[in-house]
Amino acid sequence: MAEKNYIGITIGPILDTINLTASPVALWASSYLFSMLSRTICKLLVNGIPEKNISGIPAEDIITPFYDENEELLQKNDGVGLFHDRIIFAAEETKLAEMKEIREAAITEVGNAFGIDVNYLMEYIMVSVISFRAENPIMESRFMLDSQELAVSFVEKETENPILSLFSGDSYSKNSGLKKTSLMASLEQFQLKKSQDSFKSLGDIVATGTGFKKYKYYAIVRSDGDNMSKIISSLNDTGEIRAFSKTCLSYCSGVSELVQQYDGVTIYSGGDDLLAILPCESRGAKTPFHFAKEANDLFCKTFSTYNQPVSLSFGITVAYSKFPLYEALADSANLLFGVAKRKEADEKKEKNRVAFRLQKHSGQAEGLVISNAFLPEVIDLLDQMLNTRAEQQEQTEQIFFSAIYKIAMFEKAFNALKGRDAIDNLFKNTFDSDVHQDNAYLSETLPDIFEALTGEAWVADALDDDGVCSQKPGLTMCYLLRIMKFFVEKGGEEI
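Keep in mind that what you see is a predicted model, and the values were worked out from it rather than measured.

A. Just the pairing of strand 13 (residues 460-463), in detail. Going residue by residue along strand 13, you find Ala-460 and Ala-462 tucked away on one face and Asp-461 and Leu-463 tucked away on the opposite face as well. Two elements, strand 12 (residues 365-371) and strand 13, share 4 bridges in a ladder whose sense is antiparallel. Residue pairing in the sheet places Leu-368 in a bridge with Ala-462 of strand 13.

Encoded structure:
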């Protein structure tokens, strides 16, 4: 690939803005503001600003994100933020002189759409621009743009934060400010729309059924692509890089549709990243575990043409509907980047996995880190519980709860097991009462799962509160069963 001159842009402060939010629609708005800004900058780069004597560039010169005004995927007016926070386009260094005008025009357009004081946004929003020469502009600009993001925006005089005011609403409604914006009025098929003039709360998102604890819990789902740099490094020219950017756009649009199928809400879907809120169980009786498998399958299929072993890693926090949203967001981020994608000496445990935590209303928590390859077994076990006929439910629950109790009681013995014969013997001797006889769940299903936990191929570990893997199969089995148990536990009004 021949070396060319490029301009790179990074925008922010995204995380600081997200931390100002306390409701789903404010969380969405805090992310969409920057996605809209990125898209607006791309639009102005292509169309130019005639009144400022700024000419446009060919859309093909924007390497990432993929931008084409006529692209069908970009015609949806559903509020899904598909544009990430970095823009790279081919241009000579002289183009830098025009970026100040483009930045101001873009911020003005976004500020007007959100009803935020434009003068404030001019000081608050960071749009850092660099010029560089490279053969592979995405790979070679990573660290330069990373360093630009270390800069902190500074508002010289702040008597009121209009962004916080917008997200906080008034004493009658947290969303009253957002309801009045021209942006919200223009969105069609918005995933957070409850009615013509109201948005869904966390309570609305989770209420997909009644009678069980799970219908008062939400899931913060984060995912990030694995080994994407290997694909980018293999690309031979800017045309291939731009085609890769379009593939990313296709995946992001597809996974957003998957979120909607799960009765969830896409907060952000750009590049290979996803942030979404899902109910603990969808109306189709599917859980975040089901979602992780389907999203990973979609990701692998979308990028299969690049002949690289790609996958998704997930950080998933399930919490009570009144549990602070910002805490669940922070926990899911730590699960993704501090656990699921944590670099360890054992390469079998690096990436391509789901870090999951169930934070109960009682204060108790169970966590697991699970290989994507082991998800089908987890889902099968969960489906057995979810699909049990009503007349068998009580007996099944008794056996299920007995299994948790007995394995916890004899955890040290289970931790020491090796080999299928030893596993079968311990299960047989542990569950030897009359009610346990001829039960395929205790004699086949659980021993099969436990054998996988003790096998040479790593499949799962229990997580403590600090995200440290236990590497104890007995404890891992207990945590897995406790999480499965949660999905069939009945609950009252407050649980």
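Moving on, there is more to tell.
B. Structural view of the packing of aromatic side chains. Applying the stated criterion across every chain, the model contains 23 aromatic pairs. For the pair Phe-190 and Phe-199, a centre-to-centre distance of 6.1 Å together with 85 degrees between the ring planes defines the contact as edge-to-face. For Phe-199, a relative accessible area of 11% corresponds to the buried category. Taken together, a centroid distance of 5.3 Å and an interplanar angle of 85 degrees make the contact between Tyr-262 and Phe-291 edge-to-face. Separated by 29 residues along the polypeptide, Tyr-262 in the loop between helix 11 (238-261) and strand 8 (265-270) and Phe-291 in helix 12 (residues 288-302) bring together distant segments of the chain. Accessibility assignment for this pair places Tyr-262 and Phe-291 in one class, buried. Each member of the aromatic cluster is reached from another via a ring pair, and the members are Tyr-217, Phe-289, Tyr-320, Phe-356, Phe-486 and Phe-487.

C. Region of interest: the nonpolar core. With 158 residues, the main nonpolar core has Trp-28 and Phe-289 as its most contacted residues. For this core, the leading source of residues is helix 2 (residues 24-47), giving 15 residues. The residues touching Trp-28, leaving out its near neighbours within four places in the chain, are Gly-79, Leu-183, Met-184, Leu-187, Phe-190, Leu-192, Thr-266 and Ile-267. Among the nonpolar cores identified, the runner-up in size contains 9 residues, and Leu-335, Val-369, Leu-463 and Cys-469 belong to it.

Cut-off values and rules
All residue numbers refer to position in the chain's written sequence, counted from 1. Under the rules for a predicted model, residues below a pLDDT of 70 receive no local features and side-chain atom pairs below 80 are neither given nor counted, while totals for whole chains, interfaces and linings still include all residues. Side-chain figures throughout are based on the complete set of non-hydrogen atoms in the structure, without hydrogens or water. For every residue, the accessible area obtained with a 1.4 Å probe (protein chains only) is divided by the maximum for its type, and the residue is called buried under 20%, exposed over 50%, and partly exposed between those limits. By the criteria applied, helices consist of DSSP H or I runs no shorter than four residues and strands consist of E runs no shorter than two, each listed in order from the N terminus. Here, any two strands with at least 2 DSSP bridges between them count as paired. Pairing of aromatic rings covers Phe, Tyr and the six-membered ring of Trp, with a centre-to-centre limit of 6.5 Å; geometry is then stacked below 30 degrees between planes, edge-to-face above 60, and tilted otherwise. Think of a nonpolar core as a cluster: buried Ala, Val, Leu, Ile, Met, Phe, Trp, Tyr and Cys residues, connected wherever their side-chain atoms sit within 4.5 Å. Here, residues are in contact when the closest pair of their heavy atoms is within 4.5 Å.

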